[in-house]
Amino acid sequence: MANVLIVLEHADGHLRTASLPAVTFGKQAAEKSGGSLTLLLLGAHGKASAAADEASKLGAGEVLVAEHAGLEHFLAETYAPIVAQVAKEKGAGVVAATGTSFGKDLVPRIAAMLDAGMVADATAVLGPKTFRRAMMAGNVIATVEVSTNVVAATVRQTEFAPAQPGGAASPIGKVAVAAVDARGASFVSLSASKSERPELTEAKIVVSGGRGMREGKNFEQVAAVADLLGGAMGASRAACDAGMVPNDLQVGQTGKVVAPQLYVAIALSGAIQHLAGMKGSKVIAAINKDPEAPIFQVADYGLVGTWEQAIPQLIEEIKKLKAAQR
Amino acid sequence: MKILVTAKRVPDPEQKVKFKGNALDQSAVNWQLNQFDEYAVETALRLTEAGSGGARNAGDEVIVISIGPKDVQQQLRNTLAMGADKAVLVEGVDESLDSDIVARTLVKLVEKHKPDLVLMGKLAADSESNDVGQRLAGYLNWPQATFACTVEATDGGKALLVGREVDAGVETKKINLPAVLTVDLRVVLPNAVKGVKTGAAYQEGARYASLKGIMAAKKKPIEETTLAALGVDAAQKVKVTAVEAPPPRKAGIKVSSVQELVEKLHNEAKVI
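Residue positions are given per chain, counting from 1 as you read along its sequence in written order. The lettering of chains begins at A and the numbering of ligands begins at 1, in the order of writing. It should be noted that, the model being predicted, local features are given only for residues of pLDDT at least 70 and side-chain atom pairs only at 80 or more, the latter also being counted only at that level, while totals for whole chains, interfaces and linings use all residues.

### Remarks on the overall build of chain A
Numbering goes from the N terminus for both helices and strands, where a helix is a DSSP run of H or I of at least four residues and a strand is a run of E of at least two. When you go through chain A residue by residue, the secondary structure sums to nine helices and 17 strands. Our radius of gyration is a C-alpha quantity, and the globule rule it is checked against amounts to 2.2 Å times the number of residues to the power 0.38. For 326 residues, the compact-globule estimate of 2.2 N^0.38 gives 20 Å, and the C-alpha radius of gyration of chain A, at 21 Å, lies within 12% of that figure. Going through the 326 residues of chain A one by one, you find that 60% of them count as buried. Within chain A, contacts between residues separated by at least 24 positions form 67% of all contacts whose residues are at least 6 apart in sequence. Here exposure depends only on C-beta density: within 10 Å of a residue's C-beta, 20 or more other C-beta atoms make it buried, 12 or fewer make it exposed, and intermediate numbers make it partly exposed, the C-beta atoms being placed from the backbone. Residues are defined as contacting one another if the C-beta atoms placed from their backbone atoms lie within 7 Å.

Right under this line is the structure:
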């Protein structure tokens, strides 16, 4: 029997919703191995515990909080040894977090400390040590087997339903943190992209623009469609590389992986590495002036045309629809 | 600054993936240098040279490491032609490696070469594990900066100020050397990397090898070694036991107007 330890992210006293699929993954892993699930939050004094109440409603066996002034900003150097220590104390056979930039930075460092084999971006739990994951820009689904006592994993957010609150509250415990050592690393600053739109990885509708949008200001029109639909805005690598939009909007193998109910791709050709990030979407609509664009091969609905013509019409038609629904 | 850069060969991502039963059929694959690793080489060169394409700063060195079959010589030779000083080829085949073996091999090479920095692509486009750099930093207990989009030498070359592409935007992290750095796509923009002695702006993208570079590369050493010679335990922690193609998406339709598109999305797909 091996227990499961999931590391959660939080901000402003709330759990990040990105962490909820990892809790579901943790429940599945605990079920396969017959162990219990522990959720761990780390942060400065009062910060992690503020979000612990939310975590305690997710049906885990226990919620642990590790707090220290030196943990205010996430650093893999300071967080990894604490997680590894807790994993040892709890007899964890699986240690995981969602594969956000936080999880991807942190979990492999923990794996080294626990001598653990690692499953990156797990998409399914098949057995206590058997998992599924995607490789090669989503063109290969691999079954992987881990032979070490401890399995470290990052969890693909789009493949596990977010854990829902309910049932009895889990007990909340504290982890004693005597000292932290950043090993010569320090957090300097965060230049956060501000947006009123839903988060790209959590939105039900995503509207993305590609290189064909030509310049940053034209993305205002992509944004207008996204806003009208209550969706998030995304972009292709080409558009991000060209500086039209910030990097954190990039959808693809090397950006964010999304799987919304509806993905609308505008003036976006659909390079393999982009398709890797969105072809799990339930419905895909594409507008592109090139009838041979690869995006049409994965689109449920394709419209050949220019964005200059299509977007104003799209906005008008959606407005009509919304008016009729009222 | 002495830099170890890792370079993996991967199948051309544009090529269609072929299967042979439970495994990949790679008999007709075009192998190429993993793009992120190419960017890592470019980053290392920019950190160690006086201006674009200029001479190496005195005492600085860029050593490129690959673990793979002998054929990887070709990709290594390309990095030498770009301007790296020498290369190390550790013989191994992908099927019998995993991220942990690679990380522990790098530990051995770090002990041998004593670099100030290990520079890597953030992931390999084939296995997509995105974990070797972090694991290596864990083993060495060195600071790490992953997903770098900007890199600037600071404190007289004793530390790096790194802009990291994180989910929320761009984080700036300072790491004292020695350290592990993994690079993201935007690190090859003209002003993304700044060394101690130069603030030179570069062309966009990784550089192409010049004719002079190609000639010079022929004389640069590629040291060959093995996991056994380095004393690395070759037992896999993670094994790929089966591979398959993802279920195909069902064929879509073309619509003739925006009106029809919106109508279908509303009435047929019921997503708006």
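### A closer look at the confidence of the model for chain B
Atomic detail in the predicted coordinates should be set aside for any region of low pLDDT. On average, residues of chain B score 94 in pLDDT, and 99% of them reach the 70 mark or higher. Across the assembled chains, the prediction reports ipTM 0.96 with pTM 0.95. pLDDT measures how confident the predictor is about each residue, on a scale from 0 to 100.

### Some details on helix α1 (residues 35-48) of chain B
By this rule the span expected of a helix is its residue count minus one, scaled by 1.5 Å. The first and last C-alpha atoms of α1 of chain B sit 20 Å apart over 14 residues, in line with the 20 Å expected at 1.5 Å per residue. The buried fraction of α1 of chain B amounts to 13 of the 14 residues, a majority that puts the element mostly inside the structure.

### Re the packing of helix α9 (residues 307-325) of chain A against helix α7 (residues 258-268) of chain B
Angles shown run from 0 to 180 degrees and are taken between the N-to-C directions of axes, each axis being a line fitted to C-alpha atoms and, for helices, limited to the stretch in contact. Their axes nearest at 9 Å, the elements α9 of chain A and α7 of chain B cross at an angle of 45°. As judged from the angle between their axes, α9 of chain A and α7 of chain B are oblique. Like other packed secondary-structure pairs, α9 of chain A and α7 of chain B cross with a definite hand, here right-handed. Contacts between α9 of chain A and α7 of chain B involve Ala310, Gln313, Leu314, Glu317, Ile318 and Leu321 of chain A on the former and, on the latter, Val258, Gln259, Val262 and His266 of chain B. Each angle is binned into one of four classes, with values under 35 degrees roughly parallel, values over 145 roughly antiparallel, values of 65 to 115 roughly perpendicular, and all other values oblique. The sense of a crossing depends on the near helix, which, turned anticlockwise from the far helix by less than a right angle, makes the crossing left-handed and, turned clockwise, makes it right-handed.

### Some words on the nonpolar core
The biggest cluster of nonpolar side chains holds 204 residues, and the ones touching the most others in it are Val95 and Ala152 of chain A together with Val5 of chain B. Here this core takes eight residues from helix α4 (residues 101-114) of chain A, the largest share from any one element. These domain boundaries are the output of an automatic or database domain assignment. When residues of this core are assigned to domains, at least three map to each of domain 1 (3-175) and domain 2 (205-325) of chain A. The term nonpolar core means buried Ala, Val, Leu, Ile, Met, Phe, Trp, Tyr and Cys residues held together as one set by C-beta atoms within 7 Å.

### Overview of the environment of Gly117 of chain A
Along the polypeptide, Gly117 of chain A turns up in strand β7 (residues 117-127). Linking Gly117 of chain A and Glu145 of chain A, residues 28 residues apart in sequence, is a C-alpha distance of 9.1 Å. Once residues within four sequence positions are removed from consideration, Gly117 of chain A is found in contact with Val146, Ser147, Thr148 and Val151 of chain A together with Asp100, Lys237 and Val238 of chain B.

### Details of unusual backbone geometry
Backbone phi values are negative for most residues with the exception of glycine, while trans is the configuration of most peptide bonds. Residues and elements named next belong to chain B. The step from Leu177 to Pro178 runs through a cis peptide bond, and the omega angle for that step is 5°. Inspection of the secondary structure puts Pro178 in the loop between β11 (169-176) and β12 (179-183). Despite not being glycine, Glu128 has its phi angle at roughly 55°, a positive value. Along the chain, Glu128 falls in the loop between β8 (117-121) and α4 (132-140).

### Some thoughts on the interface of chain B and chain A
Between chain B and chain A, the contact holds 65 residues from the first and 69 residues from the second. If you list the elements that add at least two residues to the side of chain B that touches chain A, you get α3 (99-113), α4, β9 (144-154), β10 (159-166), β11, β15 (238-244), β16 (253-255) and α7 of chain B. Here the side of chain B that touches chain A gets eight residues from one element, more than from any other, and that element is β11 of chain B. In short, DSSP must find at least two bridges between two strands for them to pair. Bridging between strand β17 (residues 301-304) of chain A and β16 of chain B involves three bridges; their strand directions are parallel.

### Quick word on the domain arrangement of chain A
Residues and elements named next belong to chain A. According to the domain assignment, chain A contains domain 1 (3-175) and domain 2 (205-325). For domain 1 versus domain 2, the distance between C-alpha centres works out to 32 Å. Contacts between the two partners involve four residues from domain 1 and, on the opposite side, ten residues from domain 2. Amino acids outside the nonpolar list (Ala, Val, Leu, Ile, Met, Phe, Trp, Tyr, Cys, Pro) and the charged list (Asp, Glu, Lys, Arg) are all regarded as polar, and Gly is one of them. Looking at the side of domain 1 that touches domain 2 residue by residue, the class counts come to one nonpolar, two polar and one charged.

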